[in-house]
Amino acid sequence: MYIELIDLLRCPRDHAESWLVAAFRSMDGRVVLEGKLGCPICFSSFPIKGGVADLRVAGASDYDFIAESFAPQDDEAVRAAALMGLVKPGSLVVLSGESARLAQKVSELTEARVIAFNPAMAVAESERVAVVLSNMRFPFASGSVDGIILNESTCAFVTDAARILRPGGRIVTPLDSLPPGNFRELARDDMVAVFELAGPLIPLSR
């Protein structure tokens, strides 16, 4: 995991947010290969193994990636970037489950930083691509993400989307997994719907 992306991580347990304390055992340049992340509030500890930040809890076992049988195509990455409205380099997005295989392509096309969250298959990491695992909520700072793509294997995380998205951020979900909260629908087809997080209401005074 690229060291700067560690600043985005938070403990997945339900308590006040705090930075995680990091200790590194092995690095390749600025990429952390082996290490440990600790929560200063609940004192939970999470490993970084092979560059993957594993923030799963409750006796998580080894995570098995499916061998990739086909390479992602440019048109798939373009569609994903368009659905999330990626027009500014440096945006931060979360691609989960099967869509995480597009992480490198989306990053190359848009210069976005991409979190491959609970990927279904192995994802190569880089300065702008990191792999993160969690079986509770999204382990990311509130208001830090510009776009999220969920699929059938990760739609349980839809209830936490409003917390981590910035106002104006987009979430792409299966049609049977719509996000709760202050979202407005932008588009849909026969497979997915796209929602945008509205900003907070500002009362007018005279």
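For the structure, check the block above.
Report on the accompanying structure. (Residues numbered from 1 in each chain as written. Predicted model: local features only at pLDDT ≥ 70, side-chain atom pairs only at ≥ 80, totals over all residues. Heavy atoms only, no water.)

Turning next to the packing of helix α1 (residues 74-83) against helix α2 (residues 103-110). Running from N to C, α1 and α2 cross one another at 70°; their axes reach a closest spacing of 9 Å. With respect to α2, the axis of α1 lies roughly perpendicular. At the point where α1 passes α2, the crossing takes the right-handed sense. In contact with Asp74, Ala77, Val78, Ala80 and Ala81 of α1, α2 contributes Lys105, Val106, Leu109 and Thr110. When the residues that make up the contact of α1 with α2 are grouped by side-chain class, the tally is six nonpolar, one polar and two charged. (Axes fitted to C-alpha atoms, helices over the stretch in contact; angles between N-to-C directions. Helix = DSSP H or I, 4+ residues; strand = E, 2+ residues; numbered from the N terminus. Parallel < 35°, antiparallel > 145°, perpendicular 65-115°, else oblique. Left-handed = near helix turned anticlockwise from the far one by under 90°. Contact = heavy atoms within 4.5 Å. Nonpolar A, V, L, I, M, F, W, Y, C, P; charged D, E, K, R; others polar.)

Each pocket or cavity is described by its volume, and for the largest pocket that value is around 340 Å³. Lining the largest pocket are 16 residues; nearest its centre among them are Arg79, Glu98, Ser99, Ile149 and Val192. At the level of elements, α1 and β9 (165-174) are the ones that each hand at least two residues to the lining of the largest pocket. The biggest single contributor to the lining of the largest pocket is α1, with four residues. A per-class count over the lining of the largest pocket returns nine nonpolar, two polar and five charged. (1 Å grid on protein atoms, 1.4 Å probe; cavity = no way out; pocket = protein on both sides within 12 Å on 5 of 7 lines; lining within 4 Å. Points joined across faces, edges and corners; volume = space filled by probe spheres on them.)

This next bit is on the sheet that holds strand β11 (residues 192-197). In spatial order, the strands read β1-β2-β3-β4-β7-β6-β5-β8-β9-β11-β10; together these 11 strands make up an open sheet with mixed pairing. Looking at which strands have only one partner, the edges of the open sheet turn out to be β1 (21-28) and β10 (183-188). Here the average twist between neighbouring strands, direction ignored, is 20°. By the bridge criterion, five bridges tie strand β5 (residues 92-96) to strand β6 (residues 113-117) in an arrangement that is parallel. Note on β6: the bridge partner recorded for leucine 92 is arginine 113. Of the strands in this sheet, β5, β6 and β7 (129-133) are in contact with α2, which crosses β6 at around 170°. (Pairing = 2+ DSSP bridges.)

The full count for this structure, using the stated rule, is 12 salt bridges. Across the salt bridge formed by arginine 30 and glutamate 4, the nearest N and O atoms sit 2.5 Å from each other. Taken together, the residues span a long stretch of sequence, with arginine 30 in the loop between β1 and β2 (31-38) and glutamate 4 in the segment before β1 at a distance of 26 residues. Given the relative accessible area of 36%, glutamate 4 is considered partly exposed. Here arginine 56 ties to aspartate 54 by a salt bridge, and the two come within 2.7 Å at their closest N and O atoms. Like arginine 56, the residue aspartate 54 is buried in the burial classification. (Salt bridge = Lys/Arg side-chain N within 4 Å of Asp/Glu carboxyl O. Buried < 20%, exposed > 50% of the residue type's maximum accessible area, 1.4 Å probe, protein only.)

Every buried residue of α1 is listed here: Ala77, Ala80, Ala81 and Leu83. For α1, the buried positions fall inside an angular range of 165° around the axis, keeping them on one side. Opposite the buried face of α1, by more than 90 degrees, sit the exposed residues Asp75 and Ala82. On its buried side, α1 packs onto α2, β8 (145-149), β9 and β11. Directly after α1, the chain includes glycine 85, whose backbone phi takes a positive value near 70°. (Arc of directions from axis to C-beta.)

In this section: the state of the cysteines. Chemically, a disulfide is nothing more than a covalent bond linking the sulfur atoms of two cysteines. In total, this model carries zero disulfides according to the counting rule given. Sulfur of cysteine 39: no disulfide; nearest cysteine sulfur belongs to cysteine 42 and is 3.7 Å away. In this structure cysteine 39 comes out as buried when scored by relative accessible area, which is 3%. (Disulfide = S-S within 2.5 Å.)

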